[in-house]
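Understanding the architecture of this molecule
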Amino acid sequence: MNEFELIQQLRSGDEQAFKFLVETYQDMVFNTALGIVQNAEDAEDVAQEVFIKVFRSIDTFKGESKLSTWIYRITTSSALDLVRGKKSKKRFAFLQRLFGDGNEPLHEVPDFHHPGVALDQKENAARLFKAIDQLPESQKIAFTLHKLESLSYQEISEIMRTSVSAVESLMHRARQNLKKILEKETE
Amino acid sequence: MPKEINSKTEQILNSLDNIKKAEAPDFFFTRLKARMEEEQGFIQRKKWFLQPAYAVTMLILLLAINALILFHRNKNDINTNVANIENDSSQTITSAYNMNDNLLYDINP
């Protein structure tokens, strides 16, 4: 089934077409979400939301980009929404502790271990993911898509709706920021 | 020492090179489908009041209540107006002739 046929069948609500879509893109969506949210359960939640959004809004897909580009866009946006939501819950909980009895223990988020990292790199990768989590959103997206999905700057620029030079700049700044964060930890 | 930190930092920055892509969990589609069916059922149950029969009944009820309130308000307004007119006329006569209310009632048995 080519992309055009797939989209037509999705628009008509064809369940087999939807199953084909999910099976084709589920790893891509899950891996991308995982890199951003850094938690397998959350990544699965995000992945489910992505496919539900794709199913419900397939009529709005104009075909100006590839289907995968559109799905990447929805994935990164949904993943960032979840991260933002978690961070604001953390802030609220912190304020509660400030103004409440403050007896609840602070929960440290465990290190994230990506299943695809080689054993000898696990510790380094965990430190890197922690640092990635502190990057500004656009740098985080560009770096994650490049490193985890092996996307080219051209592909990333289409997903992020920006120029290739802007992506180069984001990557450069991401690396600079990551270095600063990692060197600060080492001191 | 700074050279060592740089070297260590570079190692960490390169730790994701040759990373394998994570795969979606087993039975992902099954769980997704179950979630979509549950959400669809929830939406259908929530929207019962939007069905035409219920919506029309609610509208008629609302209009009837409004009409009742307006009717009662008009009735009360008429009674209030009559009382006000009687009071006004007695006060007018009283003030015109510099009389008090008791004197007015003496004149008008």
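Residues numbered from 1 in each chain as written. Chains lettered and ligands numbered in written order. Predicted model: local features only at pLDDT ≥ 70, side-chain atom pairs only at ≥ 80, totals over all residues. Heavy atoms only, no water.

Quick notes on the confidence of the model for chain B
Fine structural detail should not be taken from predicted coordinates in areas where pLDDT scores are low. All names here are of chain B. Residue-level pLDDT values for chain B average 78, and 61% of them are 70 or greater. Mean pLDDT across the elements of chain B bottoms out in helix α4 (residues 101-107) (55) and peaks in helix α2 (residues 28-46) (84). Across the assembled chains, the prediction reports ipTM 0.86 with pTM 0.74. (pLDDT = per-residue confidence, 0-100. Helix = DSSP H or I, 4+ residues; strand = E, 2+ residues; numbered from the N terminus.)

Digging into the packing of helix α2 (residues 15-37) of chain A against helix α6 (residues 137-148) of chain A
Residue and element names in this part refer to chain A. Put simply, α2 and α6 touch, their axes get as near as 10 Å, and they point 130 degrees apart. Comparing the axis directions of α2 and α6 gives the class oblique. The hand of the α2/α6 crossing is right-handed. Between α2, through N31, T32, G35 and I36, and α6, the contact on the second element is made entirely by K140, I141, T144, L145 and L148. (Axes fitted to C-alpha atoms, helices over the stretch in contact; angles between N-to-C directions. Parallel < 35°, antiparallel > 145°, perpendicular 65-115°, else oblique. Left-handed = near helix turned anticlockwise from the far one by under 90°. Contact = heavy atoms within 4.5 Å.)

Quick notes on the pattern of salt bridges
This structure, assessed with the given rule, holds 15 salt bridges over all chains. In this structure, the salt-bridge partner of R11 of chain A is D59 of chain A, at a minimum N-O distance of 3.8 Å. Linking R11 of chain A in helix α1 (residues 3-11) with D59 of chain A in the loop between α3 (40-57) and α4 (67-99), this pair joins segments that are 48 residues apart in sequence. The class of D59 of chain A is exposed, set by a relative accessible area of 57%. The salt bridge partner of E149 of chain A is K21 of chain B, with a shortest N-O separation of 4.0 Å. In this pair, E149 of chain A is assigned in the loop between α6 and α7 (153-159) and K21 of chain B in the loop between α1 (2-13) and α2, connecting two distinct chains. Relative accessible area serves as the criterion here: at 3%, E149 of chain A is assigned to the buried category. (Salt bridge = Lys/Arg side-chain N within 4 Å of Asp/Glu carboxyl O. Buried < 20%, exposed > 50% of the residue type's maximum accessible area, 1.4 Å probe, protein only.)

Looking at the interface of chain B and chain A
Each partner contributes to the interface: chain B provides 28 residues, whereas chain A provides 38 residues. Of the roughly 3200 Å² buried at the junction of chain B and chain A (both faces included), carbon and sulfur atoms supply 65%. If you look at where chain B meets chain A, you find eight salt bridges. A salt bridge links R31 of chain B to E44 of chain A; the nearest nitrogen and oxygen atoms lie 2.6 Å apart. At the junction of chain B and chain A, the tally comes to 11 residue pairs in polar contact (both at pLDDT 80 or more). Elements represented by at least two residues in the side of chain B that touches chain A include exactly α1 and α2 of chain B. Top contributing element to the side of chain B that touches chain A by residue count: α2 of chain B, with nine residues. (Buried area = accessible area lost by both parts, 1.4 Å probe. Polar contact = N/O pair within 3.5 Å; in protein donor to acceptor, adjacent residues only side chain to side chain.)

A closer look at the packing of aromatic side chains
Applying the stated rule across the entire model yields five aromatic pairs over all chains. Ring centres of F18 of chain A and F29 of chain B lie 6.1 Å apart, and the angle between their planes is 50 degrees; this geometry places the pair in the tilted category. Taken together, the residues span two chains, with F18 of chain A in helix α2 and F29 of chain B in helix α2. Of the two residues, F18 of chain A and F29 of chain B, both sit in the buried class. Ring centres 4.8 Å apart and planes at 80 degrees place the aromatic pair F112 of chain A and F129 of chain A in the edge-to-face group. Placement of the pair is F112 of chain A in the loop between α4 and α5 (122-132) and F129 of chain A in helix α5, with a sequence separation of 17 residues. Grouped by ring-pair contacts, the aromatic residues F18 and F55 of chain A together with F29 of chain B constitute a single cluster. (Phe/Tyr/Trp six-rings, centres within 6.5 Å; stacked < 30°, edge-to-face > 60°.)

What to know about α1 of chain A
Residue and element names in this part refer to chain A. When α1 is considered as a whole, its buried residues turn out to be L6, I7 and L10. End-on view of α1: buried residues confined to an arc of 95 degrees, all on one side of the axis. For α1, the N-terminal capping position is held by N2, with its side-chain oxygen 3.1 Å away from the main-chain nitrogen of F4. With its phi angle positive at about 80 degrees, G13 sits one or two positions after the end of α1. (Arc of directions from axis to C-beta.)

As for α3 of chain A
Note that an α-helix has 3.6 residues per turn; residues three or four places apart therefore point the same way. End to end, α3 of chain A covers 26 Å across 18 residues, agreeing with the expected 26 Å (1.5 Å per residue, within 8%). Along α3 of chain A, the residues that are buried comprise D42, A43, E44, V46, A47, Q48, V50, F51, I52 and V54 of chain A. (Expected span 1.5 Å × (residues − 1).)

Concerning the environment of I132 of chain A
With respect to the helices, strands and loops of the structure, I132 of chain A is situated in helix α5. Among the residues examined, I132 of chain A registers a relative accessible area of 2% and is labelled buried. The sequence separation of I132 of chain A and E44 of chain A amounts to 88 residues, and the corresponding C-alpha distance is 20 Å. Excluding residues within four positions of it along the chain, I132 of chain A makes contact with Q38, K140, F143, T144 and L178 of chain A together with L16 of chain B.

Observations regarding the nonpolar core
By size, the foremost hydrophobic cluster in this structure holds 65 residues, and its most contacted members are F18, L21, F51, L67 and I71 of chain A together with L16 and L32 of chain B. By residue number, the principal contributor to this core is α2 of chain A, which donates 12 residues. When near neighbours in sequence (up to four residues on either side) are disregarded, L21 of chain A contacts L6, L10, F51, V54, L67 and I71 of chain A. (Core = buried A, V, L, I, M, F, W, Y, C linked by side-chain atoms within 4.5 Å.)

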